[in-house]
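# Structure assessment
Spelled out, the chains give:
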Amino acid sequence: MKVGFIGLGNVGHKLSGSLLRNGIDLVVHDLDPAQVEKFVAKGATAGGSPAQMMQACDAVITCLPSPAASAAVVEEMLPDVGPGKIWMEMSTTDESEIRRLGAEVIARGGTAVECPVSGGCHRADTGNISIFAGCDRESFEKMLPFLTIMGRRVLHTGPLGSASVLKVMTNYLATANLLTLCEAMVTMKAAGLDMATTYEAIKISSGTSFVHETESQLILSGSRDVNFTMDLVQKDIGLFQKIADEHNVPLEISPLMIEIMRDGQKRYGERAQSDRIIERLEEATGLSVLADGFPAELIDDEPEEAGYEVRPPA
């Protein structure tokens, strides 16, 4: 099967790299020609336009920064969708858009699978990231061999749209955790605690989390570069708020999170790294939350392993 990959950004170039590294016949496209050239040098084929990608490939994967970007690319490919053609959406997108675009693909005889990822860019680089897959069971089983190349744990979430809902929920939780960690670490600094000791106290306690064990290290090192920007955070938590609004859930924490991130964007730039949100509290207190011995970038030190399907308890 020839696979096309559109979107070689922070996550996309790592996911597509796993496909190429594992011998998949890969065709790539990105608005940045330099990114395409890097992949061509490693053995991929330059794909031309999205329409040409769909013509040439059995399956085309999109991994793009916004629902609008995904819609524009898919609508360009639609005239070339037919029986046997597969569209796989790996962006974090809007449930209603994935259902709308997926229905267009299916109406033309194609297959639509949404498969957003979770676990950080460093795990995408090694194929150890987690993947949610929303589609019918037959399509899931057909695409599972490709999903287990790009990710370690793959969860079939149900029909098209379900994976997008769960993905924005997980990003909402990650953002909430980031904001509480910022408050916790600045408060401990104000109380005179050593920051490296504070990190370890959180790590070995009930207060630990994936976000702490990754992003807190980048905050303490001072790099504050998690390869995820505030505009992407706003997109994701905004999508979560939209789901709550549609179902009449009166959220209290979510609107505050949106306002905090909006203020961060005003201070540091629309596309500032999300971990810089701690600087709001550093500026308010005059404190600097740093410690020696923490890395400037995250590297997944787990060996690459074959992926597998995760099944919920029966």
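The notes below deal with the structure included here. Just so it is clear, the model here is predicted, and its values are computed rather than measured.

### Observations regarding the overall build of the protein
- What the protein contains, in helices and strands, is 13 helices and 10 strands.
- Against the compact-globule benchmark of 20 Å for 314 residues, the protein has a radius of gyration of 20 Å, which places it among compact chains.
- In terms of overall dimensions, the protein has C-alpha extents of about 65 × 45 × 45 Å along its principal axes.
- Classification of the 314 residues of the protein by burial places 53% in the buried group.
- In the protein, the proportion of contacts linking residues at least 24 apart, taken out of those at least 6 apart, comes to 70%.
- Carbon and sulfur atoms form 55% of the exposed surface of the protein, whose accessible area is close to 14,000 Å².

### As for the pattern of salt bridges
- Scanning all chains against the criterion turns up 21 salt bridges.
- Arg100 is the partner of Glu97 in a salt bridge, and the nearest nitrogen-oxygen pair spans 2.7 Å. Separated by 3 residues within a single helix, Glu97 and Arg100 lie in helix 5 (residues 95-107), roughly one turn from each other.
- Residue Glu104 is joined to Arg108 by a salt bridge in which the shortest nitrogen-to-oxygen separation is 2.8 Å.
- For Arg108, a relative accessible area of 34% puts it in the partly exposed group.
- Several salt bridges converge on common partners, so that one network encompasses Arg123, Arg152, Glu302 and Glu305.

### Here's the deal with unusual backbone geometry
- Backbone geometry at Arg224 places phi at a positive 50°, although glycine is not the residue there.
- With respect to the helices and strands, the residue Arg224 is situated in the loop between helix 10 (210-221) and helix 11 (230-246).
- The class of Arg224 is buried, set by a relative accessible area of 6%.
- Phi at Asn227 takes a positive value of approximately 60°, unusual for a residue other than glycine.
- Judged by its relative accessible area of 28%, Asn227 is partly exposed.

### Describing helix 1 (residues 12-21)
- Buried residues dominate helix 1, accounting for 8 of its 10 residues.
- Of all the residues in helix 1, the buried ones are Gly12, Lys14, Leu15, Ser16, Gly17, Ser18, Leu19 and Leu20.
- Within two residues after helix 1, Gly23 carries a phi angle of roughly 85°, on the positive side.

### A closer look at the pairing of strand 5 (residues 86-89)
- Burial along strand 5 is two-sided: the face carrying Ile86 and Met88 and the face carrying Trp87 and Glu89 are both buried.
- When strand 4 (residues 59-62) meets strand 5, the two strands line up parallel, connected through 4 bridges. For Thr62, the partnering residue across the bridge sits in strand 5 and is Glu89.
- For strand 5 and strand 6 (residues 111-114), the ladder comprises 4 bridges, and the chain directions are parallel. When the sheet's bridge partners are listed, Trp87 is paired in strand 6 with Ala112.
- Each parallel crossover has a hand, and the one from strand 5 via helix 5 to strand 6 is right-handed.

Conventions used here
Residues numbered from 1 in each chain as written. Predicted model: local features only at pLDDT ≥ 70, side-chain atom pairs only at ≥ 80, totals over all residues. Heavy atoms only, no water. Helix = DSSP H or I, 4+ residues; strand = E, 2+ residues; numbered from the N terminus. Rg over C-alpha atoms; globule rule 2.2 N^0.38 Å. Buried < 20%, exposed > 50% of the residue type's maximum accessible area, 1.4 Å probe, protein only. Contact = heavy atoms within 4.5 Å. Areas by Shrake-Rupley, 256 points an atom, 1.4 Å probe, with all protein chains shown as cover. Salt bridge = Lys/Arg side-chain N within 4 Å of Asp/Glu carboxyl O. Pairing = 2+ DSSP bridges. Right-handed = clockwise from strand over helix to strand, strands pointing away.

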